[in-house]
Amino acid sequence: MDTKDLLNQTAVTEFILLGFGDIPVLQNIIFLMFLVIYMATVARNMLITALVVADKHLHTSMYYFLGNLSCLETCYTSTLLSRMLVSLLTGTKTISFSGCLSQLYFFCALAGTECCLLAAMSYDRYLAICKPLHYSALMNTRFCLRLAAGSWLNGNLATTIFLLFISQLIFCGPNEIDHFYCDPILLMELSCSDTQLSKLVNHILVSIFTLPPFLLTTTSYVCISATILRIPSTTGRQKAFYTCSSHLTVVTIFYGTIIIVYMLPKHDTLRDLKKVLSLCFTVLTPLVNPLIYSLRNREVKEALSKAVSKYGFHKNMQRL
Ligand SMILES: *[C@@H]1O[C@H](CO)[C@@H](O)[C@H](O)[C@H]1NC(C)=O
């Protein structure tokens, strides 16, 4: 078939997201579970964003990044989970072509931005722990703003280029995507045009836009660990170690599962495992990030209790 024949065929106008299978009872349980997770994720992340914006004590580089990250996670889970919840509730598994592409855009752009923000945060911690004397001079408001803006720009730029190539592809069926969101790789596999170029572009974009933040993050934490090990007092070492190990856990889960899902060779036996593992970076990290990064910090706890007493939730709750 040449391109003309392909164009003459009826093009696919919608895709079917298979999600987690078809057992009715299970669908209800999965729906409730994800509904609770979704509400918890959005509530936690919006709480942190609001605190960072409202409380002057949290106007430091670390909390700016955390505020940005929480803002991002809110959009990120909404992109992926709201769609899944609707389809679990109504049983419709179809998604229009443009719906699929826009979900893909937001998913990729936000994931790309998250890589950069995680890198910016690790660099911020690196300066704070390894170069404490130069910290305030280096991490000033302007630099901080540039890092944050650069992160958002980076993720959106890379995804826009990628989408330009994806939108040129022709789809003439089959149209079933064995996943709960429009996954870029699975989508490319469905195309009946030549995807070699798109795949190449994808690889190039990943290496230009996500490899450097990944390497920066890893290097920062290696340097931080080396510095922490040299701290003479045990309590100081424990405290610093505690903070960094929790950051490292999030970063490892996020990158580790992405690497397993997208870098491991394509294999049918791995397919279901990959689907389950992709829950880690789509659902788990947005849910636990606010807990690990923010809600256990003393400053955030203080800001929270101040906000609670200011707006009188406390009294109302006692009255109830
Ligand atoms: C995001 O980061 C920028 C620059 O550091 C900061 O000015 C802004 O308030 C942050 N946004 C949120 C929601 O925290």
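What you are looking at is a predicted structure, and each value in this text was computed from that prediction instead of being measured.

1. Description of the overall build of the protein chain
Line of reasoning, step 1. Within the protein chain, the secondary structure is distributed over 13 helices and three strands.
Line of reasoning, step 2. The C-alpha radius of gyration of the protein chain comes to 22 Å, within 12% of the 20 Å expected for a compact globule of 320 residues.
Line of reasoning, step 3. The buried share among the 320 residues of the protein chain stands at 44%.
Line of reasoning, step 4. In the protein chain, the proportion of contacts linking residues at least 24 apart, taken out of those at least 6 apart, comes to 77%.
Line of reasoning, step 5. Summed over its atoms, the accessible surface of the protein chain is roughly 17300 Å², and 68% of this surface lies on carbon and sulfur atoms.
Line of reasoning, step 6. Distance between charge centroids for the protein chain: 17 Å, based on 24 positive and 17 negative side chains.

2. Some thoughts on the nonpolar core
Line of reasoning, step 1. Counting 86 residues, the largest nonpolar core has F15, F34, F65, I177, L187, F281 and Y293 as the members making the most contacts within it.
Line of reasoning, step 2. Per-element tally for this core: the top contributor is helix α4 (residues 97–130), with 17 residues.
Line of reasoning, step 3. The contact partners of L187, leaving out residues within four places of it in the chain, are F15, C100, L101, L104, I166, F171 and I177.

3. Describing the state of the cysteines
Line of reasoning, step 1. On inspection of all chains with the given rule, the structure shows two disulfides.
Line of reasoning, step 2. The disulfide bridge from C100 ends at C182, spanning 2.0 Å between sulfur atoms. Of note, the bridge from C100 to C182 carries an S-S torsion of about -120 degrees and is left-handed in sense. In this pair, C100 sits in helix α4 while C182 sits in the loop between β3 (176–177) and α7 (184–190), placing the two residues 82 residues apart along the sequence. Accessibility classification places C100 together with C182 in one group, the buried group.
Line of reasoning, step 3. Two residues share a disulfide in this structure: C172 and C192, whose sulfurs sit 1.9 Å from each other. A residue pair is termed long-range when its members are at least 10 positions apart, and C172 in the loop between α6 (141–166) and β3 and C192 in the loop between α7 and α8 (196–209) qualify at 20 residues.
Line of reasoning, step 4. Among the residues examined, C192 registers a relative accessible area of 28% and is labelled partly exposed.
Line of reasoning, step 5. In the protein chain, the cysteines engaged in disulfides, taken in order along the sequence, are linked 1-3, 2-4.

4. A few points about the site of the ligand
Line of reasoning, step 1. Within the structure, the ligand sits among T49, V52, Y64, G67, N68, C144, L145 and A148.
Line of reasoning, step 2. Contact between the ligand and N68: an oxygen atom at 2.3 Å from a side-chain N or O atom of the residue.
Line of reasoning, step 3. For the ligand, whose accessible area on its own is 360 Å², the fraction buried by protein is 76%.
Line of reasoning, step 4. Among the elements of the structure, α2 (24–54), α3 (61–90) and α6 are those that each provide at least two residues to the shell around the ligand.

5. Describing the environment of C144
Line of reasoning, step 1. With respect to the element layout, C144 can be found in helix α6.
Line of reasoning, step 2. Overall, the relative accessible area of 5% leaves C144 in the buried class.
Line of reasoning, step 3. Taking the C-alpha atoms as reference points, C144 and Y64, 80 residues apart in sequence, are found 8.1 Å from one another.

6. Some points on the pairing of strand β1 (residues 14–17)
Line of reasoning, step 1. The alternating pattern of β1 places F15 and L17 on a buried face, while none of E14 and I16, on the opposite face, is buried.
Line of reasoning, step 2. Here three bridges tie β1 to strand β2 (residues 94–96), and the two strands are oriented antiparallel to one another. Bridge assignment links F15 to a residue of β2, and that residue is I95.
Line of reasoning, step 3. Strand direction decides the pairing type here: β1 and β3, joined by two bridges, are parallel. Its bridge partner lying in β3, L17 is registered against I177.

7. Comments concerning the packing of aromatic side chains
Line of reasoning, step 1. Taken as a whole and assessed by the stated rule, the structure comprises 14 aromatic pairs.
Line of reasoning, step 2. Aromatic pair Y123 and Y126: ring centres 6.1 Å apart, planes at 25 degrees, arrangement stacked. Of this pair, Y123 and Y126 are both found in helix α4, three residues apart, which corresponds to roughly one turn of the helix.
Line of reasoning, step 3. Y126 sits in the buried class, given a relative accessible area of 18%.
Line of reasoning, step 4. Note on F214 and Y255: the rings are 4.7 Å apart at their centroids and 65 degrees apart in plane angle, and the pair reads as edge-to-face. Highlighted residues: F214 in helix α9 (residues 211–230) and Y255 in helix α10 (residues 234–263), separated in sequence by 41 residues.
Line of reasoning, step 5. One aromatic cluster is present, built from ring pairs that chain together F20, F34, Y76, F107, F180 and Y181.

8. Side note on a nonpolar patch on the surface
Line of reasoning, step 1. Together, I23, V25, L26 and I29 make up a nonpolar patch on the protein surface, roughly 380 Å² of accessible area in all.
Line of reasoning, step 2. Within the secondary structure, I29 sits in helix α2.

Each value, and the rule that gives it
- Residues numbered from 1 in each chain as written.
- Predicted model: local features only at pLDDT ≥ 70, side-chain atom pairs only at ≥ 80, totals over all residues.
- Heavy atoms only, no water.
- Helix = DSSP H or I, 4+ residues; strand = E, 2+ residues; numbered from the N terminus.
- Rg over C-alpha atoms; globule rule 2.2 N^0.38 Å.
- Buried < 20%, exposed > 50% of the residue type's maximum accessible area, 1.4 Å probe, protein only.
- Contact = heavy atoms within 4.5 Å.
- Areas by Shrake-Rupley, 256 points an atom, 1.4 Å probe, with all protein chains shown as cover.
- Lys, Arg positive; Asp, Glu negative; His and termini not counted.
- Charge placed at Lys NZ, Arg CZ, Asp CG, Glu CD.
- Core = buried A, V, L, I, M, F, W, Y, C linked by side-chain atoms within 4.5 Å.
- Disulfide = S-S within 2.5 Å.
- Near = heavy atom within 4 Å.
- Polar contact = N/O pair within 3.5 Å; in protein donor to acceptor, adjacent residues only side chain to side chain.
- Pairing = 2+ DSSP bridges.
- Phe/Tyr/Trp six-rings, centres within 6.5 Å; stacked < 30°, edge-to-face > 60°.
- Patch = residues over 30% accessible without salt bridge, like charges linked within 9 Å, V, L, I, M, F, W, Y side chains within 5 Å.
- Salt bridge = Lys/Arg side-chain N within 4 Å of Asp/Glu carboxyl O.

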